[in-house]
Amino acid sequence: MSDHLNEIDRNLNDLLERFLRSSFDLFKCNAEYLKEYEGGKYACAYVSAAKRLRQAMAIDRELLVVTSTFKDQQQRTIKFVQSEIANSNGRLEPTVAIVIHLDPTGNTKLKNWGRDVAISILPIDGRLELGEARDIEKHLSNQLFSHDPFDVTGPVSGDNQFFGRRDEAIDLARKLQQGQIRSCLGVRKVGKTSIINRVLKEIPTHFECMTIMIDCSQDDIFELRAEGLLISLADTLSTMHDHGLVYSGLSVRNTESTLSEARKSLEAVILSVSEVVLFVFDEVDYITPGSPTAPQWKYEFNRFWRNLRSIYQECDRRGKPFSLLVGGGIGSLVYG
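What counts and how
Residues numbered from 1 in each chain as written. Predicted model: local features only at pLDDT ≥ 70, side-chain atom pairs only at ≥ 80, totals over all residues. Heavy atoms only, no water. Helix = DSSP H or I, 4+ residues; strand = E, 2+ residues; numbered from the N terminus. Buried < 20%, exposed > 50% of the residue type's maximum accessible area, 1.4 Å probe, protein only. Contact = heavy atoms within 4.5 Å. Areas by Shrake-Rupley, 256 points an atom, 1.4 Å probe, with all protein chains shown as cover. Salt bridge = Lys/Arg side-chain N within 4 Å of Asp/Glu carboxyl O. pLDDT = per-residue confidence, 0-100. Phe/Tyr/Trp six-rings, centres within 6.5 Å; stacked < 30°, edge-to-face > 60°. Pairing = 2+ DSSP bridges. Right-handed = clockwise from strand over helix to strand, strands pointing away.

Participant: Break down the overall build of the protein chain for me, citing the residues and quoting the values.
Facilitator: The helix and strand tally for the protein chain stands at 11 helices and 10 strands. Among the 336 residues that make up the protein chain, the fraction classed as buried is 49%. Taking contacts inside the protein chain between residues at least 6 apart in sequence as the whole, the part at least 24 apart equals 72%. Accessible surface, the protein chain as shown: approximately 17100 Å² in total, 48% of it carbon and sulfur.

Participant: How would you sum up the pattern of salt bridges? Please name residues and give values.
Facilitator: Evaluated as defined, the whole model comprises 14 salt bridges. Residue Lys41 is joined to Asp9 by a salt bridge in which the shortest nitrogen-to-oxygen separation is 2.9 Å. Highlighted residues: Lys41 in strand E2 (residues 40–49) and Asp9 in helix H1 (residues 2–22), separated in sequence by 32 residues. Asp9 carries the same exposure label as Lys41, and that label is buried. Put simply, Glu132 and Arg134 hold a salt bridge, and the shortest N to O gap is 2.6 Å. When salt bridges that share partners are traced, they join Arg225, Glu227, Glu300 and Arg303 into one network.

Participant: Go over the confidence of the model for the protein chain with me, naming the residues and quoting the values.
Facilitator: Looking at the protein chain, the pLDDT average stands at 81 and 77% of residues meet or exceed 70. Low pLDDT, under 50, characterises residues 146–166; the stretch is placed with 33 contacts to residues that sit more than four places away or in other chains. Contacts for the low-pLDDT stretch residues 186–190, under 50 throughout, to residues beyond four places or in other chains number 8 contacts.

Participant: I'd like to hear about the environment of Tyr312, residue by residue, with values.
Facilitator: Structurally, Tyr312 is set in helix H11 (residues 297–317). Tyr312 gets classed as buried once you look at its relative accessible area, which sits at 17%. Expressed as a C-alpha distance, the spacing of Tyr312 and Leu324, which sit 12 residues apart in the sequence, is 9.5 Å.

Participant: Pulling in residues and values, what's your account of the packing of aromatic side chains?
Facilitator: Taken as a whole and judged by the stated rule, the model has 13 aromatic pairs. Note on Phe19 and Phe27: the rings are 5.9 Å apart at their centroids and 35 degrees apart in plane angle, and the pair reads as tilted. Summarising the burial analysis for this pair, Phe19 and Phe27 share the class buried. Relative to Tyr286, the ring of Phe222 lies with its centre 5.8 Å away and its plane at 20 degrees, an arrangement referred to as stacked. Taken together, the positions of Phe222 in helix H8 (residues 219–222) and Tyr286 in the loop between strand E9 (276–282) and H11 put the pair 64 residues apart, joining distant regions of the chain. With relative accessibility at 22%, the residue Tyr286 sits in the partly exposed group. Within the aromatic cluster, the residues linked to one another by ring pairs are Phe281, Trp297, Phe301, Phe304 and Trp305.

Participant: Go over the pairing of strand E3 (residues 62–67), please, and point to the residues and values.
Facilitator: Across the 6 residues that make up E3, a large majority, 6, are buried. With burial as the criterion, each face of E3 is covered, one bearing Glu62, Leu64 and Val66 and the other bearing Leu63, Val65 and Thr67. Relative to E3, E2 runs antiparallel, the two being bridged by 5 bridges. Bridge assignment links Cys44 to a residue of E3, and that residue is Val66. Pairing geometry for E3 and strand E4 (residues 92–101), over 5 bridges, is parallel. For Thr67, the partnering residue across the bridge sits in E4 and is Ile100. With helix H3 (residues 76–86) bridging E3 and the parallel E4, this β-α-β connection has right-handed handedness.

Right under this line is the structure:
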């Protein structure tokens with residue numbers, strides 16, 4: 001029995017050491033240990049990721065690395081990962097962990113079980129040659145950013161789909177409650193709208209806020225000019241205030257008001273409500289100088305944002321700041 005246990009320990013340690021050697025340029029090992037859990041045994045390490053990996057993974061803490069020699073992975077492994085993260089007293093990244101295993105179907109199982117508990121499990125099949133650091137980095141990147149090309153469900157927000165980023169959404173919602181400007185910018189399919197949707201889901205639960213959602217990809221919105229968009233914001237917010245609403249999509253209204261009149265109207269409404277006001281612009285690409293559908297925004301862009309900035313500053317001077325969340329592609333935000 002003792003010889004069998006020693007063999008298990010050796011195999012676990014060998015698997016862990018093989019990973020640490022191969023990924024020497026990616027991770028610095030800070031601690032190693034063996035641990036039993038519910039009749040199984042695991043080898044573990046606390047590692048610090050290289051700067052480029054920290055940025056890619058959006059992490060700022062150590063990562064947990066777990067090795068398991070079971071040929072058929074069970075959900076017990078995920079429970080063990082949860083337990084180790086919880087017992088680390090905040091030292092470990094709470095939403096990401098690496099699991100090295102010997103299960104032919106382990107990659108899929110571990111990833112799916114991890115999603116169910118809001119942890120992004122990055123599985124590595126230890127039966128295969130691990131290669132060099134660049135091979136491991138490529139594998140981890142594929143695990144982080146791959147998606148099913150046949151999945152056309154669009155943005156996600158549920159805990160079982162959101163890959164452990166709920167805390168990130170709550171933190172962003174908390175900042176927006178304080179009268180701040182935040183953005184979710186990036187290339188397509190990186191999750192900008194998913195983050196925005198999750199923030200909108202968290203705000204009613206955690207904060208008092210009046211939120212207007214402006215989906216700039218809608219024809220009636222990107223066809224507006226600066227005056228019309230400012231007046232539409234003012235009218236929507238006024239209607240919400242009159243009816244006690246905390247959320248609304250933008251109600252579009254064309255106007256013959258001047259830009260100055262539209263700015264003063266929106267400023268007055270924001271100052272009149274007691275709650276924090278949040279404007280959420282998604283698909284902002286459509287109302288930028290590079291708009292693919294509305295060429296007038298080459299000129300309206302500066303007119304609109306210059307006046308919205310003026311409102312923001314005046315409200316801040318009066319102790320009534322409001323918040324902005326802007327989401328969209330990077331390229332169209334540059335004058336071309």
